[in-house]
Amino acid sequence: MSLAVIILAAGKGVRMNSELPKVLHPILKKPMLRYVLDAADGVGPERVVLVLGHGSKLIKNAVSDYPVETVIQQPQLGTGHAVLCCEDVLRDFSGDILILSGDVPSVSVTTLRKFTDSHVKCGADVSFVSAVLDDPGGYGRVIRDSEENVLRIVEERDANSNERKQSEVNAGIYCVRSSFLWDALSGLDTENNQGEYYLPGIVNLCVSRGRGLQAFTLGDIKEVSGVNTREQLTQAERTVRRAINRRHMENGVTIIDPETTYISDFASIGRDTTVYPNTYIYGETSIGEGCSLGPSVYIENSRIGNNVKIKFSSYLVQCEAEDGVVMGPFCHLRPEARIEKGAKIGNFVEIKKSRIGTGSKVPHLSYVGDADIGKGVNIGAGTITCNYDGLNKHVTVVEDGAFVGSDTMLVAPIKVGEGATTAAGSTITKDVSPGSLAIERAGQKEIAGWAERKRARERKS
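Residues numbered from 1 in each chain as written. Predicted model: local features only at pLDDT ≥ 70, side-chain atom pairs only at ≥ 80, totals over all residues. Heavy atoms only, no water.

Draft legend 1. Broad picture of the overall build of the protein. From N to C terminus, the protein includes ten helices and 39 strands. Over its C-alpha atoms the protein spans a radius of gyration of 31 Å, topping by over 25% the 23 Å that the globule rule assigns to 461 residues. Evaluated residue by residue, the protein yields a buried proportion of 47% over its 461 residues. In the protein, of all internal contacts separated by at least 6 residues, the share reaching a separation of at least 24 is 41%. When the accessible surface of the protein is summed, it comes to about 22,000 Å², and 47% of that surface belongs to carbon and sulfur atoms. Between the centroid of the 53 positive side chains of the protein and the centroid of its 57 negative side chains there is a distance of 9 Å. (Helix = DSSP H or I, 4+ residues; strand = E, 2+ residues; numbered from the N terminus. Rg over C-alpha atoms; globule rule 2.2 N^0.38 Å. Buried < 20%, exposed > 50% of the residue type's maximum accessible area, 1.4 Å probe, protein only. Contact = heavy atoms within 4.5 Å. Areas by Shrake-Rupley, 256 points an atom, 1.4 Å probe, with all protein chains shown as cover. Lys, Arg positive; Asp, Glu negative; His and termini not counted. Charge placed at Lys NZ, Arg CZ, Asp CG, Glu CD.)

Written as C-alpha cells, this is what we have:
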C-alpha cells in the first residue's frame, strides 16, 4: 500500500482560551500533535504533510525531529481548503492519502492500520471513520437510506431536526485515493452555515458520482474524539493514560490505582514492578523489574534498575539508580545524580550531580552536590557539601569506606581519604588523609551558675 498522510493543525483553538496553539497543549507532558504524528508513523507512510496556520513557528519547533513537510493555510477557509493547500506538494503522489486531525491525540496505531487495510481491501475511493453515540451533539451526522447505504454527511449547524436525531457521527478521519481527492476538493462549495469548504463534502461528492465509499464504524468514539476545550483535553488525557496503564498491566506491572497513576508513552517498566497511587513517571524513563514505586513519587527522564525501592514523596529528575537501591521517603535526586548498587538515600536528602558508590548510605537530612562518594561510605545526618563559592562549583571526593560524622560541612574542593573519619559538627576545609580522624571544633566552655543568674535577672526585670 502506497500511503501519504495529511495532518490538519492550522486552527488556533479559540475555545481553549490560550496563546499556545491548540495542538501543542500537552498530555502527560507531551504535545497532543506528537501523539498523532506517532500514530501516523505507525502505518508506515511514505510522506507526511502538516498543514499549519496559527503559531506555525512554535509548531515547527515542537516537531522538528519528525520527518514532515509543512504547508501554510492562509487564509483559513475550512477543512476542505486545508487539505487543498497540500495539492502542490502531493500532486505527483500516486496512492492513498490518510487525513487526520492534529487535535485527536487518542487515536491508536492499531485503529489506523485496521482502517487503512479495510480501505484497500474494499477498494473504496473514499473511506471515513464513524461512530454511534448516545449523545451526538457537536458532530456531523451520517445520513443513511433504508438499506443502510450512506447518503451524505451533514454538519450539525446545517442539519434539520430529523437529521440531528441521527446517532451515527463522522469522526473526521479519512482515507482517499489521491486520484479522486484533488478533483473532489475542487468541487466543494461554501453553501453552508459557516461559509467554509467542508472536507466531509468529499463523501457527498463520492456518493453523487457513484464512486466507492466505505464507512468504517468504531464501537467507541473516545479514541477519535477531538479536543476543542480544556475539558475535552482532560478527557483525552484520561483516554490516553488509561490505554498506557492498561498496556503496562498487560506486560506484568502492578498498578494499584490506574486512575491516579500517570505514565508517559515513552516510559518502560519491567515485570513485577508495583506502582502505588499518585505516582508520575514522565519522559523517557526506564524502570527495571521488581521495583516498588510510591505512593506519591515523581520520576522524569531517569534510569531505574531492578529491585529498587522508592518510598513516599520522592522526586527524581534525570538521574540513575542501579539495582537494589533504596530511596526516600522525601528524597530529591536532581540531574546527573547516580546511585550505585545497594546504596541508600534516606529522608530529606538532596543529591545533585554526584555519584553515590555501591553500598554507601546517605540516610537523612543531607545535601550532596558535585561530589564523588566511594563504596561503603556513611554520610551522617546534616552533612553538607559546600560546593559553591559564589562564582564556581567545586568537587568533593569521599573515598571508599570513609565515615562522615553528623553535621559535617565539607568545604569543596576537598578530599576525604579512604577509611577516614570526620568528627560530628566539624567544618572540614583541608584534605583528610586516608585512615585518619579529622576534628574541627571550638573548645567547649562551661559557665557555672549561669542559670541561677539568668533567673535573678528575670525576676528583677
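Draft legend 2. Spotlight on the packing of helix 7 (residues 178-186) against helix 8 (residues 201-208). Viewed as axis vectors pointing N to C, helix 7 and helix 8 meet at an angle of 105 degrees, and their least axial separation amounts to 10 Å. One finds that helix 7 runs roughly perpendicular with respect to helix 8. Contact residues: helix 7 offers F180, L181, A184 and L185, while helix 8 offers I202, L205 and C206. The class makeup of the residues in the contact of helix 7 with helix 8 is seven nonpolar, no polar and no charged. (Axes fitted to C-alpha atoms, helices over the stretch in contact; angles between N-to-C directions. Parallel < 35°, antiparallel > 145°, perpendicular 65-115°, else oblique. Nonpolar A, V, L, I, M, F, W, Y, C, P; charged D, E, K, R; others polar.)

Draft legend 3. Focus on the pairing of strand 27 (residues 344-352). One ladder, built from two bridges, connects strand 24 (residues 326-327) with strand 27; its direction is parallel. Bridging across to strand 27, V326 finds its partner in K344. Judged from the seven bridges that link them, strand 27 and strand 29 (residues 361-369) form a sheet pairing that is parallel. When the sheet's bridge partners are listed, I345 is paired in strand 29 with V362. (Pairing = 2+ DSSP bridges.)

Draft legend 4. Broad picture of the layout of surface pockets. Computed from the structure, the second largest pocket encloses a volume of approximately 650 Å³. Lining the second largest pocket are 24 residues, and of these S106, V107, S108, T239 and A243 lie nearest its centre. At the level of secondary structure, the elements contributing two or more residues to the lining of the second largest pocket comprise helix 1 (32-41), helix 5 (109-122) and helix 9 (230-250). When residues in the lining of the second largest pocket are grouped by element, the largest group, eight residues, is from helix 9. Taken together, the residues of the lining of the second largest pocket sort by class into nine nonpolar, six polar and nine charged. (1 Å grid on protein atoms, 1.4 Å probe; cavity = no way out; pocket = protein on both sides within 12 Å on 5 of 7 lines; lining within 4 Å. Points joined across faces, edges and corners; volume = space filled by probe spheres on them.)

Draft legend 5. Layout of the pattern of salt bridges. According to the stated counting rule, one finds 27 salt bridges in the structure shown. Note that R355 is salt-bridged to D372, the shortest N-O span being 2.5 Å. Of this pair, R355 sits in strand 28 (residues 355-356) while D372 sits in strand 30 (residues 371-373), placing them 17 residues apart in sequence. Residues participating in the shared-partner salt-bridge network are E322, R338, E340, R355 and D372. (Salt bridge = Lys/Arg side-chain N within 4 Å of Asp/Glu carboxyl O.)

Draft legend 6. The sheet that holds strand 26 (residues 338-339), seen in detail. Taken together, the nine strands give an open sheet; going across it, the order is 14-17-20-23-26-28-30-33-36, and neighbouring strands pair in parallel fashion. Looking at which strands have only one partner, the edges of the open sheet turn out to be strand 14 (268-269) and strand 36 (414-416). Looking at chain direction, strand 28 and strand 30 are connected through two bridges and run parallel. Among the inter-strand pairings, I356 is bridged to a residue of strand 30, identified as I373.

Draft legend 7. Fine view of helix 1. With eight of ten residues buried, helix 1 is to be regarded as a mostly interior element. The complete set of buried residues in helix 1 reads M32, L33, R34, Y35, V36, L37, A39 and A40.

Draft legend 8. How the structure looks around the pairing of strand 1 (residues 3-9). Burial analysis of strand 1 places seven of its seven residues in the buried class, which makes it a mostly covered element. Neither face of strand 1 is open: one carries L3, V5, I7 and A9, the other A4, I6 and L8, and all of them are buried. Both strand 1 and strand 6 (residues 96-101) contribute to a ladder of six bridges, which runs parallel. Counted as the bridge partner of L3 is D96 from strand 6. As defined by bridge partners, strand 1 adjoins strand 4 (residues 47-52) across six bridges and the pair is classed as parallel. Bridge pairing links V5 to V48 in strand 4.

Draft legend 9. Representation of the nonpolar core within the structure. In this structure, I310, M327, L333, I339, I345, I351 and I356 are the most contacted members of the largest nonpolar core, which totals 58 residues. With four residues, the top contributor of residues to this core is helix 9. For I345, the contacting residues outside a window of four places in its chain are V326, M327, G328, C331, L333, I339, I351, I356 and V362. If you look at the next biggest cluster of nonpolar residues, it comprises 35 residues, including L3, V23, L24 and A40. (Core = buried A, V, L, I, M, F, W, Y, C linked by side-chain atoms within 4.5 Å.)

Draft legend 10. Main features of the packing of aromatic side chains. Summed over the entire model, instances satisfying the criterion amount to eight aromatic pairs. Seen in terms of ring centroids, Y280 and Y282 are 6.1 Å apart; in terms of plane orientation they differ by 55 degrees. Their pairing is tilted. In this structure Y280 comes out as partly exposed when scored by relative accessible area, which is 29%. Taken together, a centroid distance of 5.1 Å and an interplanar angle of 5 degrees make the contact between F330 and F348 stacked. (Phe/Tyr/Trp six-rings, centres within 6.5 Å; stacked < 30°, edge-to-face > 60°.)

Draft legend 11. Region of interest: the side chain of T285. Note on placement: T285 falls in the loop between strand 16 (279-282) and strand 17 (286-287). At 2.7 Å, the side chain of T285 forms a polar contact with the backbone oxygen of Y282. Aside from chain neighbours lying at most four places away, what touches T285 is F266, A267, S268, I299, E300, N301 and S302. (Polar contact = N/O pair within 3.5 Å; in protein donor to acceptor, adjacent residues only side chain to side chain.)

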